[in-house]
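Fold and geometry: a report
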Amino acid sequence: MYVKRYYSFWMTVRWSKYSLIYGVLYSFVVIVLYEITSIPFSLPWQPISVIGIAVAFFLGFKNNSSYDRTWEARKIWGAIVNDSRTFATAILSLPNPDLPKEERKKIIYRHLAWLLALKHVMRKEKTWEHNLPVEKLVFIPGFIKEYYEGIFAEIEKYLSEEELTTIRDNSNIPSQLLKIQSKEIAELKEKGFISEYKQVWIHQIIANFYTHQGMSERIKNFPFPRQYASTGLWITYIFCALIPFGLLDIFAQSTALHYWLTIPFSAIIIWTFFVVDRIGDYSENPFEGGYNDVPISSISRAIEIDLLEMLDEENIPGPYQSENGFLM
């Protein structure tokens, strides 16, 4: 996620440069053919503008829907922050003094393992996402290291060897960790360390974690409907392909400058529409680890710091620092 006030103009241009370059080249080809053939193939602007209005409405709908997915993902992970603090406080404040601190610590450690495991699951590639090679993410080099080290490099310090062996071959590691957590709470109740009321309350918090995980998985595993994503792209192509022909009709009144005006104005309009489409395209999948996605690594680290400080730990990792204005 970009955390500075604005993207610079040149950052925006670099991100969308191919749309601008292709717009210039396409407009140039149209003008050259117009000049060479002398065929009056310009089109009236009015019908093209009607198509443009339809495209603009469709892109607005697509971008609003895409933003809803990103904002929902951010709210889910905000709720994970709150429930994580509540869960840790609940475990640490269990009234029975006979419950060893190491046992409380083990439960909170297991929760941190769940959190980091969920983060890695959310970062797995899907066929509809922008599966660029990770090493090309030049703005977020920290994510490259995290990606290649994998899930167990992060969670093994918070789990026992027995638990690691138990979950290693499971397809959904976060769910298995929550199951182990629930069984642990039930055992504490049987041993008399917590009351029935406290057990129900803590189980409700664990149920919240299941809910947050399921909501995250829904966004991750169910793509923005492909008919909307595809239709928006193709009608943008059609509209942009017609733009130079429409501007030829407008600028033909200036016989000396009409092609000089048609090329830059066509390129700018084409670039503008494709930038708007691309913004929605990259907002559809908020867990990819891209430049504008929800910074779940930074959120996870913030939770990790909070809970380790509650445990009065000494070796506490520092927060993720923004790299070139980006948080991962």
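Residues numbered from 1 in each chain as written. Predicted model: local features only at pLDDT ≥ 70, side-chain atom pairs only at ≥ 80, totals over all residues. Heavy atoms only, no water.

1. A word on the overall build of the protein
Tallying secondary structure elements over the protein gives 12 helices and zero strands in all. Listing the helices and strands of the protein from first to last along the sequence gives α-α-α-α-α-α-α-α-α-α-α-α. Taken over C-alpha atoms, the radius of gyration comes to 27 Å for the protein, far larger than the 20 Å a tight globule of 328 residues would show. Projecting the C-alpha coordinates of the protein onto the three principal axes gives extents of approximately 95 × 35 × 30 Å. Within the protein, the proportion of its 328 residues that are buried is 45%. Measuring between centres, the 32 positive side-chain charges of the protein sit 2 Å from its 36 negative side-chain charges. (Helix = DSSP H or I, 4+ residues; strand = E, 2+ residues; numbered from the N terminus. Rg over C-alpha atoms; globule rule 2.2 N^0.38 Å. Buried < 20%, exposed > 50% of the residue type's maximum accessible area, 1.4 Å probe, protein only. Lys, Arg positive; Asp, Glu negative; His and termini not counted. Charge placed at Lys NZ, Arg CZ, Asp CG, Glu CD.)

2. Things to note about the packing of helix α8 (residues 173-190) against helix α9 (residues 196-221)
Between α8 and α9, the least distance of the axes is 10 Å, while the angle of their chain directions is 175°. In terms of orientation, α8 and α9 fall into the roughly antiparallel class. Across the interface between the two elements, Pro174, Ser175, Leu178, Lys179, Gln181, Ser182, Ile185, Ala186 and Lys189 of α8 pack against Glu196, Gln199, Ile202, His203, Ile206, Phe209, Tyr210 and Gln213 of α9. (Axes fitted to C-alpha atoms, helices over the stretch in contact; angles between N-to-C directions. Parallel < 35°, antiparallel > 145°, perpendicular 65-115°, else oblique. Contact = heavy atoms within 4.5 Å.)

3. Notes on unusual backbone geometry
Of note, the phi angle at aspartate 312 is positive, near 60°, even though the residue is not glycine. Counting through the fold element by element, aspartate 312 comes out in the segment after α12 (296-310). The class for aspartate 312 is exposed, based on a relative accessible area of 61%.

4. Focus: the environment of isoleucine 53
Topologically, isoleucine 53 is positioned in helix α3 (residues 45-92). When its relative accessible area of 48% is taken as the criterion, isoleucine 53 is described as partly exposed. Between the C-alpha atom of isoleucine 53 and that of phenylalanine 273, which follows or precedes it by 220 residues, the distance is 11 Å.

5. Here's the deal with helix α10 (residues 226-251)
If you check α10, its first and last C-alpha atoms are 38 Å apart, about what 26 residues at 1.5 Å a residue would give, namely 38 Å. Those residues of α10 lying buried are Ala229, Gly232, Thr236, Phe239, Cys240, Ile243, Pro244, Phe245, Gly246, Leu247, Leu248 and Phe251. (Expected span 1.5 Å × (residues − 1).)

6. Topic: the packing of aromatic side chains
With the rule as written, the count across this model stands at 10 aromatic pairs. Between the NZ or CZ atom of arginine 168 and the centre of the ring of phenylalanine 152, over which it lies, the distance is 4.4 Å. (Phe/Tyr/Trp six-rings, centres within 6.5 Å; stacked < 30°, edge-to-face > 60°. Lys NZ or Arg CZ within 6 Å of the ring centre and 35° of its normal.)

7. Some details on the confidence of the model for the protein
Confidence in the prediction of the protein, expressed as mean pLDDT, is 86, and 91% of residues score 70 or more. When pLDDT is averaged over each helix and strand of the protein, the minimum, 74, is found for helix α5 (residues 141-149) and the maximum, 94, for α9. (pLDDT = per-residue confidence, 0-100.)

8. Some details on the packing of helix α4 (residues 101-122) against α8
Two numbers describe how α4 lies on α8: the axes approach to 8 Å, and their chain directions differ by 160°. As far as their axial angle goes, α8 and α4 are roughly antiparallel. As α4 runs across α8, the sense of the crossing is left-handed. Facing α4, whose interface residues are Glu103, Lys106, Ile107, Arg110, His111, Ala113, Trp114, Ala117, Leu118 and Val121, α8 presents Ile173, Pro174, Leu177, Leu178, Ile180, Gln181, Glu184, Ile185 and Leu188. Among the residues making up the contact of α4 with α8, the classes are represented as 13 nonpolar, two polar and four charged. (Left-handed = near helix turned anticlockwise from the far one by under 90°. Nonpolar A, V, L, I, M, F, W, Y, C, P; charged D, E, K, R; others polar.)

9. Details of the pattern of salt bridges
Going through the model one piece at a time under the given rule, you end up with 13 salt bridges. The partner of glutamate 313 in a salt bridge is lysine 105, and the shortest N-O contact between them spans 3.4 Å. Of this pair, glutamate 313 sits in the segment after α12 while lysine 105 sits in helix α4, and the two are 208 residues apart along the sequence. The partly exposed category is assigned to glutamate 313, whose relative accessible area is 22%. Note that arginine 301 and glutamate 304 form a salt bridge whose closest N and O atoms lie 3.4 Å from each other. (Salt bridge = Lys/Arg side-chain N within 4 Å of Asp/Glu carboxyl O.)

10. Description of a nonpolar patch on the surface
Together, Tyr18, Ile21, Tyr22 and Leu25 line one region of the surface with nonpolar side chains, adding up to about 450 Å² of accessible area. Counting through the fold element by element, tyrosine 18 comes out in helix α2 (residues 17-37). Assessed through its relative accessible area of 51%, tyrosine 18 is described here as exposed. (Patch = residues over 30% accessible without salt bridge, like charges linked within 9 Å, V, L, I, M, F, W, Y side chains within 5 Å. Areas by Shrake-Rupley, 256 points an atom, 1.4 Å probe, with all protein chains shown as cover.)

11. Quick word on the nonpolar core
One finds Trp77 and Ile155 to be the most contacted residues of the largest nonpolar core, which totals 49 residues. Broken down by element, this core gets its largest block of residues, 11 residues, from α4. Setting aside its immediate chain neighbours within four residues, isoleucine 155 contacts Ala113, Leu116, Ala117, Leu164 and Ile167. Core analysis: the second largest hydrophobic core is formed by 11 residues, Val55, Phe239, Ile243 and Phe274 among them. (Core = buried A, V, L, I, M, F, W, Y, C linked by side-chain atoms within 4.5 Å.)

12. Section: the side chain of aspartate 277
By secondary structure assignment, the location of aspartate 277 is in helix α11 (residues 258-283). Excluding its chain neighbours within four sequence positions, the residues that come into contact with aspartate 277 are Leu59, Lys62, Gly232 and Leu233.

13. Things to note about the environment of proline 44
Relative to the helices and strands, proline 44 is located in the loop between α2 and α3. We classify proline 44 as partly exposed; its relative accessible area is 43%. On a C-alpha basis, the gap between proline 44 and isoleucine 250 in space is 7.9 Å, while along the polypeptide they are 206 residues apart.

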